[in-house]
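# Structural features, examined
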Amino acid sequence: MNYSILCLDVDGTLTDGKVYIGNDGEVMKAFNIKDGYGIRQYIEAGGIVAIITGRISKIVGHRAFELGIKEIYQDITNKAQVMELLAKKYHTTIANVAFVGDDMNDLEAIQASGISFMPSDGYEGLKPYVSAVLTHKGGEGAVREAIDILLSEGT
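Let me sum up the structure you'll find in this document. (Residues numbered from 1 in each chain as written. Predicted model: local features only at pLDDT ≥ 70, side-chain atom pairs only at ≥ 80, totals over all residues. Heavy atoms only, no water.)

Moving on to the sheet that holds strand β6 (residues 97-100). Spatial strand order, β5-β4-β1-β6-β7-β8: 6 strands in an open sheet with parallel pairing. The strands lining the two open edges of the sheet, one partner per strand, are β5 (71-73) and β8 (132-133). The sheet contact formed by strand β1 (residues 5-8) and β6 spans 4 bridges and is parallel. If you follow Ile-5 over to β6, its bridge partner there is Val-97. The sheet contacts of helix α1 (residues 33-44) involve β1 and β4 (48-52), and relative to β4 the element is tilted by about 135°. (Pairing = 2+ DSSP bridges. Helix = DSSP H or I, 4+ residues; strand = E, 2+ residues; numbered from the N terminus. Contact = heavy atoms within 4.5 Å. Axes fitted to C-alpha atoms, helices over the stretch in contact; angles between N-to-C directions.)

This is how it looks when you write it as structure tokens:
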């Protein structure tokens with residue numbers, strides 16, 4: 001597997017980008033089951049999956065636990081720096097890290113990664129920087145599509 005680490009943004013990538021906030025804070029996020037299945041496949045194939053998000057959410061922690069994701073980084077402003085740390089932790093280089101993100105706050109991570117993807121409904125200005133624009137929208141199977149590409153190419 002060429003890309004031994006897969007880093008994922010959350011809002012707009014693993015979700016549709018909507019954040020539901022009630023009087024007591026964030027109350028809901030919707031995750032796609034197909035994305036979850038793909039994440040489990042990637043882990044079973046020997047890959048490391050990491051969530052790197054700029055927000056803080058207990059919901060993200062719960063979903064990560066369900067899927068067996070052990071690397072969870074929240075309230076992060078420099079995602080590329082976390083990717084570098086992960087590469088060192090797992091004795092590889094950032095060239096072996098894949099990233100899926102949807103907006104300009106992901107640009108540094110996209111540029112640092114060995115391969116990068118964005119959902120079809122990601123921010124238009126990000127398109128020139130990613131390796132591939134996926135056919136699925138964020139929260140609607142985009143992560144699964146990226147994983148299928150990575151696993152089918154033997155990468």
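Further notes follow.
Here the focus is the environment of Gly-141. Looking at the secondary structure, you find Gly-141 in the loop between β8 and α5 (142-152). The exposure class assigned to Gly-141 is buried, which follows from its relative accessible area of 6%. Setting aside residues up to four positions removed in sequence, Gly-141 forms contacts with Asn-32, Asp-35 and His-136. (Buried < 20%, exposed > 50% of the residue type's maximum accessible area, 1.4 Å probe, protein only.)

Turning our eyes to something else, we now look at helix α3 (residues 79-89). Those residues of α3 that sit buried are Lys-79, Ala-80, Val-82, Met-83, Leu-86 and Ala-87. Looking straight down α3, one finds its buried side chains confined to an arc of 155°; they lie on one side. More than 90 degrees from the buried face of α3, the exposed residues found are Gln-81, Leu-85 and Lys-88. On its buried face, α3 sits against β1, β4, β5, β6 and α4 (107-112). The N-capping residue of α3, defined by a side-chain oxygen 3.3 Å from the backbone nitrogen of Ala-80, is Asn-78. (Arc of directions from axis to C-beta. Polar contact = N/O pair within 3.5 Å; in protein donor to acceptor, adjacent residues only side chain to side chain.)

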